[in-house]
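# Fold and contact review
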Amino acid sequence: MEVEEEKEAFPSNNDCLAEAKCDGQILKEINSEPTESFDVQNSLPEGKKEFVAPAVGMEFESYDDAYNYYNCYAKEAGFRVRVKNSWFKRNSREKYGAVLCCSSQGFKRIKDVNRLRKETRTGCPAMIRMRVVDSKRWRVLEVTHEHNHLLGAKIYKSVKKMGSGARSKLQSSSDAEVRTNKLYRALVIDAGGNGTLNCNATGGRKFSDHPHQLNLRKGDSQAIYNYLCRLQLTNPNFFYLMDFTDEGCLRNVFWVDSRCRASCGYFGDVIYVDNTCMSNKYETPLVALVGVNHHGQTVLLGCGLLAGETAESYTWLFKAWLTCVSGQYPQTIITDRCKALQTAIAEVFPKSNHRFSLSLIMKRVPEKLGGLRNYDAIRKTFVKAVFETLKVIEFEAAWGFMIQHFGVTDHEWLRSLYEDRARWAPVYLKDTFFAGLSASRPGENLSPFFDKYVHKQTPFKEFLDKYELALQKKHKEETLADIESRNSSPELRTRCSFELQLSKLYTREIFKRFQFEVEEMYSCFSTTQLHVDGPIIIFLVKERVLAEGNRREIRDYEVLYNRSASEVRCICSCFNFYGYLCRHALCVLNFNGVEEVPSKYILSRWKKDYKRFYVPDQGSYNVDSIDHMQWFNQLYRSALQVVEQGAISLDHYKVALQAFEDSLNRVHVVEEKQD
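In what follows, the accompanying structure is described. Along each chain, numbering runs from 1 in the same order as the chain's sequence is written. Only residues with pLDDT of at least 70 get local features here, since the model is predicted, and only at 80 or more are side-chain atom pairs given and counted; chain-wide, interface and lining totals rely on the full set of residues. To obtain the side-chain values, all non-hydrogen atoms of the structure were included, while hydrogens and water were left out.

## Some words on a nonpolar patch on the surface
Rules: Two distance rules govern patches: like charges are joined within 9 Å, and nonpolar side chains (Val, Leu, Ile, Met, Phe, Trp, Tyr) within 5 Å, applied only to residues with over 30% relative accessible area and no salt bridge. Using a 1.4 Å probe, accessible areas were evaluated by the Shrake-Rupley method; residue-level cover was limited to the displayed protein chains. Basic side-chain nitrogens of Lys or Arg form a salt bridge, by our definition, when they fall within 4 Å of a carboxyl oxygen of Asp or Glu. Strands are runs of DSSP state E lasting at least two residues, helices are runs of H or I lasting at least four, and both sets are numbered from the N terminus onward.
Nonpolar side chains collect at one region of the surface, where Val-642, Val-643 and Phe-660 lie side by side and expose about 200 Å² of accessible area between them. When you line up the elements, Phe-660 lands in helix H22 (residues 650-674).

In C-alpha cells form, the structure reads like this:
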C-alpha cells in the first residue's frame, strides 16, 4: 500500500471496519441540509450554483472524478483539500480506497513546530472516505461535514500534487469547473434549491425547453436530496443513485430502502413496471418497480423519478436497479405497451421475458374502441377471443372473425395489438411464469402501487409523505398476514388430500386460492384418456362453467400427464400464471391415484416459512475474501430475517434479542483474538 500523507502504510483495524460499510451505512452524522451549514461569508450570489455537500452513497466513475468533485465543493465552501490516505492493491498497484480531508486536518509534527511557516493545522475533522465497489465505481462510505475553524473565501487551488499536464488542464477556475461538470455530471443544485435551469419565480411548475432533465417545482431538488440523506441516517442498507446532465441539472433519481431491497432478493423473479404517473403526466414523474410477496400482496422493489418516457431514462433506471440487486435478472418483466420500455428492457434485461400488461390493455378498450359502431358487440367478441381461447388456432380464428365481421380491419390500435399479440395474449404466454401478476382472467386488474396515495396533481413534496404512509401500510399488511398464517389453521372444506397437504404449507391467502381450485374439482367430470405415448398420457377433462347470462356450458381441457417424471400440465396453464395447480390438473392426479401434489408444483415462494429458510444470495457462503460490501449485504439480509421473525410475538422478540447479543459477544471474541 501507499500513503500520500504522514500516516501508516496500512490502515488500522478501525479503518478496515469503516471501509466495510456499504452504501446505506452511516458512520458519521450527515447534515441533511448541507447548503445551510456554510459560513455566511461564503454564501453565493443569487443565480449561482452550489455543489451539493458530499453524502454517503454518492458514486463516481473514477477516483479523479471523485477528487475533482470534492475539490470544487471545497472551493465553494471555503477550504482546501488534502489527500490523507490512499490504499493500493499489492500486485497491480491499482488504487482502491482513499480519504480526502480538509487541509487543516491533523497537527504539525513536533520537529516542524519551530519552522517559520504559519500554522494552519487545527485538527479539523472534515473528510470523506471512499473506495471502489463491485460496479467499479468509487462510492463515498463516510462523511464528516463539520469544520473546527472559520471557512475562508473561495479557494481555487488544492494541496493535491499535480503533474504539468494536469496543471495545464486546470489553469483557470472556469476551465476547471467546465471539466468537472463534464466528467462527473456536476452534483449541483441551484442556490434557490431548483433542479432545473427553467423554474419560475413563483414556485409553480414550468416544463423546460430541455426534455432530458427532471421537471420539478422550486425547491424540489433540495427536498429530494434532504430526503435521501435522512433515509441514509435512519435506514441501513439504503440505496440510491442520482443522474445529472452535463450542465448539472438533475435528470433521474432512483432509490430503494432496506426492506424493499430485501424484498428484491425474495420476490424479484417477476416485476411489474408501474409507470402510471409517467404515462398519465402526473405532477410527480414516478416509476415504481413492483413485485408480489408470499401472500400474493404487491411489494415495492424500487422507485424512480425520470426526466421523461425515453429509452435513455428507462435504461438508466433499470441499470440502477440491476446494480442494487447485484446483477440478478428477473425472470419476467411486465410493462405497459411502450416502445421506450421495450428498447430499454431489450438492452438491460435481454434474458428476461418481457410481457405487456393485459390489465392495462383491457382498461384502454373503452377509450380505443368506444367510438366504434356496435361497440358492445365488438367488446364482447374481443373479451371472448382473449380470455376463452385455449389454443393459438382458436385465438387467430376468433380475432379474424371480429376484424372481418365488424369491419375494423384498418383500426390502428387493433392492428398494433395483433402485431404484439405474442407479448400479451394469454394463449401465447403459457410458458411464462407470472406469479399471479398476469391478470389473465376477466375482471382481474393490476392497480398502481401508490393508488389512493398519489393523484395527478400531487406535488412531489407531498408525495414523499404519502410514500412513507403507503410503505407503512404495506408492511403492516404483510406482518399481519405473516402472523395470521403462522398462528391459525385454515378451515378445510373437502376431504381431498391435496387440500389437507397444502393447508400446512401455503400462506393463508395463497391457500384460499388453491382451495378454490380444489372445490371446483367437483365441477369437472368425465376425465378420459385421449392419447398414450409411453409414460405420457393426454387426458380430456370436461368442466361445467358459468357463461354469460348465468347459463352453464361445458368446456374441454386437455391435460398432459407423465407418470415416470410426476409431471402434469394443463392447457389452461394455471400453474405458470398463478403458481399453483388448477382443478383440471388435480382431477388428473386424483384419477391416477396420486394423493399428494408433487413437490415441483409447490413453490417455495408461497410457503408460510419462505422468508425464514430462503437465502436470496445463493452464493452467500462463497463470498469474496476481500469484498466488504458483499459481507455487509449478506449479513444485513440474514439479520433482517431474524428481525422479522422476532417481531411476531413477545417470546419471539426475547429470543431474537438474545441471539443478537450472543452473536455480538462472539464477534467481540474474534476481534480480541486478532488484537
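## Considering empty space enclosed by the protein
Filter applied, for reference: A cavity, in this analysis, means grid points on a 1 Å lattice covering only the protein atoms where a 1.4 Å probe fits yet has no way out; a pocket is instead an open set bounded by protein on both sides within 12 Å along at least five of seven lines, and a residue lines either one if it has an atom within 4 Å of a point. Grid points are joined across faces, edges and corners, and a volume is the space filled by probe spheres set on the points. Only Asp, Glu, Lys and Arg are considered charged, only Ala, Val, Leu, Ile, Met, Phe, Trp, Tyr, Cys and Pro nonpolar, and every remaining residue, Gly among them, polar. As annotated, the domain borders come from an automatic or database domain assignment.
Across all of its chains, the model carries 8 cavities of 30 Å³ or more by this definition. The computed volume of the largest cavity comes to approximately 70 Å³. Every residue along the wall of the largest cavity is listed here: Ile-334, Phe-356, Ser-357, Leu-358, Trp-424, Pro-426, Leu-429, Phe-434, Ser-438, Ser-440 and Phe-577. When grouped by side-chain class, the residues that make up the lining of the largest cavity number 8 nonpolar, 3 polar and no charged. Mapping the lining of the largest cavity onto the domain boundaries places at least three of its residues in each of domain 2 (220-357) and domain 3 (371-452).

## Re the sheet that holds strand E16 (residues 536-546)
The condition that has to hold: Note on pairing: DSSP must find at least two bridges between two strands before they are called paired. Axes here mean lines fitted to C-alpha atoms, for a helix over just the part in contact, with angles spanning 0 to 180 degrees between N-to-C directions.
Strand order in the open sheet formed by 4 strands is E15-E16-E17-E18, and the pairing between neighbours is antiparallel. Edge positions in the sheet fall to strand E15 (524-533) and strand E18 (567-570), since each has one partner strand and no second. Within the sheet, the average angular offset between the axes of one strand and its neighbour, ignoring direction, is 25°.

## Notes on unusual backbone geometry
The test is simple: Type-normalised accessible area, obtained with a 1.4 Å probe on protein chains alone, sets the label of each residue: buried when under 20%, exposed when over 50%, and partly exposed for intermediate values.
Phi at Lys-281 takes a positive value of approximately 55°, unusual for a residue other than glycine. Note on placement: Lys-281 falls in the loop between helix H7 (276-279) and strand E11 (286-292). Judged by its relative accessible area of 60%, Lys-281 is exposed. Phi angles above zero are rare outside glycine, and Lys-452 is one such case at about 75°. Of note, Lys-452 is situated in the loop between helix H14 (412-419) and helix H15 (460-487). Classification of Lys-452 by relative accessible area gives exposed; the value is 80%.

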